[in-house]
Amino acid sequence: MKKHIIALSSVLCAAQILLACDICGGAINAIGGGLSNTFRYDLIELNFMNQRMASAPREQRFTAMDYFRSVHVNGQFFVHSKWRFLSKIGYQQNKRVNSKVKQSTCGITDGQLMLSRVILDRSLGKSKNWSCFTEIGIGAMLPTGIYDSNIHNTKKLPAAFNIGKGSWASIYRFNAVLKRDKWAFLTTLSGSRMFKTSNGYRFGHSFTLNIGVFYSFKYKKIEIAPSLNFVTDNKMGDFYANKKQVLNSYTASFLKAGLQNKYKNWS
């Protein structure tokens with residue numbers, strides 16, 4: 001019988017990007033990241049992320065530090081042996097600090113809903129020490145977060161500092177997990193296709209590649225899974241309502257360290 005678990009997951013993400021443009025941290029991360037020991041279970045996951053970036057806004061000659069901090073609650077529930085439903089909602093704070101001023105925005109994030117289909121879940125080889133799990137999912141981002149279409153003028157901040165994107169988006173994800181004993185190797189490709197906001201502005205489409213390694217061990221009754229991931233984040237340029245492109249596309253690569261703690265079952 002499949003066990004039901006509650007997983008507590010925390011992620012510390014550090015990235016230094018010099019001379020960055022006005023959209024750092026603007027991409028959408030599709031649901032799912034801590035799959036090393038949870039891909040066969042229903043779960044509720046609490047996820048914390050702290051992202052720090054250095055940027056040089058075009059209109060200013062000094063460097064600012066940008067902080068993107070968020071707490072998300074993720075849900076994962078099987079509705080069939082091959083199908084599962086995923087959800088995500090959270091609270092986020094975006095802050096820019098420079099030598100003259102501190103500016104920030106905060107609030108409830110845009111929600112995400114996704115339906116995922118398990119493609120492969122089987123042991124490999126005669127010894128069955130290795131197992132492989134793959135899935136593909138598609139869903140939608142809901143415009144539940146606060147969006148200020150005039151944030152450039154009201155707070156002198158770039159559009160990406162909005163907590164919400166102000167529009168619907170389609171999201172997709174592919175996961176592949178190769179596992180042996182306490183080790184797991186994860187590859188995730190996720191992305192989004194944005195629709196226009198109410199004032200005609202459209203955030204750029206994005207996609208993210210994550211390659212990670214996990215190691216699981218038990219301490220008393222808690223299962224702990226530290227991880228190290230290589231992430232490549234790509235975001236296309238935004239478009240104004242007059243269809244003129246905003247010159248702010250970017251590609252960023254960085255390392256991400258994570259810690260996932262599985263601490264309780266429920267029946």
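Criteria and thresholds
Residues numbered from 1 in each chain as written. Predicted model: local features only at pLDDT ≥ 70, side-chain atom pairs only at ≥ 80, totals over all residues. Heavy atoms only, no water. Helix = DSSP H or I, 4+ residues; strand = E, 2+ residues; numbered from the N terminus. Buried < 20%, exposed > 50% of the residue type's maximum accessible area, 1.4 Å probe, protein only. Contact = heavy atoms within 4.5 Å. Areas by Shrake-Rupley, 256 points an atom, 1.4 Å probe, with all protein chains shown as cover. Pairing = 2+ DSSP bridges. pLDDT = per-residue confidence, 0-100.

Chemist: I tried to follow the overall build of the protein on my own but got confused; where do I start?
Modeler: Secondary structure assignment for the protein yields one helix and 13 strands. Written out in order from the N terminus, the α and β elements of the protein read β-β-β-β-β-β-β-α-β-β-β-β-β-β. Within the protein, the fraction of its 267 residues that count as buried is 49%. Once local pairs closer than 6 in sequence are excluded, the contacts in the protein between residues at least 24 apart make up 66%. Counting every atom, the protein has about 13,900 Å² of accessible surface; 61% of that belongs to carbon and sulfur.

Chemist: Got a minute to help me understand the pairing of strand S4 (residues 83–97) in this structure?
Modeler: Regular strands show a simple pattern: their side chains alternate between the two faces of the sheet. Here strand S3 (residues 64–78) pairs with S4 via 14 bridges, running antiparallel. Opposite His-72, over in S4, you have Gly-90 as the bridge partner. Linkage of S3 to S4, two consecutive antiparallel strands, is achieved through a turn of four residues. When S4 meets strand S6 (residues 111–124), the two strands line up antiparallel, connected through six bridges. Paired with Ser-87 across the two strands is Leu-113, which belongs to S6. Pairing of S4 with strand S5 (residues 102–108), which is carried by seven bridges, proceeds in the antiparallel orientation. Note that in S5 the partner of Tyr-91 across the bridge is Ile-108. Counted between consecutive antiparallel strands, the loop separating S4 from S5 contains four residues.

Chemist: Where do I start with the confidence of the model for the protein in this structure?
Modeler: Reading fine detail from the predicted coordinates is not recommended where pLDDT is low. Overall, the prediction assigns the protein a mean pLDDT of 79, with 80% of residues at 70 or greater. Counting interchain partners and residues more than four positions distant, the pLDDT-below-50 stretch residues 1–27 has 109 contacts.

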